[in-house]
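Examining the three-dimensional arrangement
Listed below, chain by chain, are the residues.
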Amino acid sequence: MGTKKLYLRIKIIMKSSFLPIILWMLCYSLVSCFSDDNGYGAAEPINEELSTFEIIQQSNNHSVLENLILDSGLKQTLDEGNFTIFAPSDEAFLTTNTSDLSQAEVVNLLLNHVVQGVAESSNLTTSYLNTLATVSFSGADHNLSIHVNAGPVLTLNGVSSVTDPDNFASNGVVHVVDQIINIPDITTFALADPDLGVLVEALTRDDLNDVDFMNTLSSFEGLSPFTVFAPTNNAFTDLLSELNDVESLADIEKEKLISILNSHVISESNIISSE
């Protein structure tokens, strides 16, 4: 009789120890079935990040940009790729009347704030990037450039500063900027690029006011389009070392300086490196 009681006791203990395992397996099976039915299996994690447009949409200071994106039909474009967006705040639009622009011009203006790929602020260097904005010439569309100055303050085309960087999205990153990045002309990059500072000094020298280089080069009429081979600050240093009796830019005779500057400009022509 003692042996039989011992056997029954052992059997009951064994059954009790297996009960939690059975319950755990049952729960696991139910959770797995539920996950697979909703498309959230282990190989397909749930992505709860906002898209670049949704970050703009949920911002309290980007209603103008949001409405322009929706009105221009760009939302679908922004949702279909990975982009870096320099998003102007509502205050940035106070000095720009977009109602004076055609829909195509608004679209191109907005695309001038978008760069293909994901660029964190820490990965941006002082350089030129291509935006999604385009200009047409020679029978083809060409992407416009944007100058990035990665100084203490990240600046675009010398006029727009990043005030709130690295708002990461499921399809890119949004950097908030304080000014609109307008469609550039030739002088935009001369003024924005610190390495072209001496060139700007030469173009704007007081005794060259009658020539008015800057207004001529910024015009979309007259002799435009222009191709400019822009000499860097170092190029001007080399020039001064080669000229006799010249110590500074101010010492170069007016007519000689005009001739030097004109030799770097080709009017009524767009020449690109692949041509």
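All chains use their own residue numbering, which begins from 1 and follows the written sequence. Per-residue local features of the predicted model are confined to residues with pLDDT of at least 70, and side-chain atom pairs are confined, for both listing and counting, to 80 or more; whole-chain, interface and lining totals are unaffected and use all residues. Where side-chain values are given, they derive from all heavy atoms of the structure, hydrogens and water being excluded.

1. Points about the nonpolar core
For soluble globular proteins, the rule of thumb is that nonpolar side chains tend to be buried together. The condition is simple: Here the nonpolar core consists of buried residues drawn from Ala, Val, Leu, Ile, Met, Phe, Trp, Tyr and Cys, with membership extended through side-chain atoms lying within 4.5 Å. Burial here depends on accessible area, computed with a 1.4 Å probe over protein chains only, as a share of the maximum for the residue type. Under 20% is buried, over 50% is exposed, and the range in between is partly exposed. Numbered from the N terminus, helices here are DSSP runs of H or I no shorter than four residues, and strands are runs of E no shorter than two. It only takes one pair of heavy atoms within 4.5 Å for two residues to be counted as in contact.
Within the largest apolar cluster, 24 residues are counted, with the highest numbers of intra-cluster contacts made by Leu-65, Ile-69, Ile-85 and Leu-110. The biggest single contributor to this core is helix H5 (residues 103-111), with five residues. The residues touching Leu-65, leaving out its near neighbours within four places in the chain, are Ile-56, Ala-87, Pro-88, Asp-90, Phe-93 and Leu-110. Membership of the second largest hydrophobic core comes to 18 residues, among which are Leu-239, Leu-243, Leu-257 and Ile-260.

2. Thoughts on helix H3 (residues 63-72)
Inclusion rule: This arc is built from the directions going out from the helix axis to the C-beta atoms.
If you check which residues of H3 are buried, you get Leu-65, Glu-66, Leu-68, Ile-69 and Ser-72. Considered in projection along H3, the buried side chains sweep an arc of 165° and stay on one side of the axis. Lining the buried residues of H3 we find helix H2 (52-58), helix H4 (75-79), strand S1 (83-88) and H5. Residue Gly-73 follows H3 closely and has a positive phi angle near 75°.

3. Comments concerning the pairing of strand S4 (residues 140-150)
Along any regular strand the residues' side chains alternate between the sheet's two faces. Short version of the rule: Here, any two strands with at least 2 DSSP bridges between them count as paired.
With eight bridges joining them, strand S3 (residues 127-137) and S4 adopt antiparallel strand pairing. In the strand pairing of S4, Tyr-128 is matched with His-147. Between the antiparallel neighbours S3 and S4 lie two residues, among them Ser-138 with a positive phi of about 55°. As judged from the three bridges shared by S4 and strand S5 (residues 154-156), these two strands associate in the antiparallel manner. Paired with Val-148 across the bridge in S5 is Leu-156. The loop that links S4 with its antiparallel partner S5 comprises three residues.

Any functional reading would require information beyond the geometric quantities listed.
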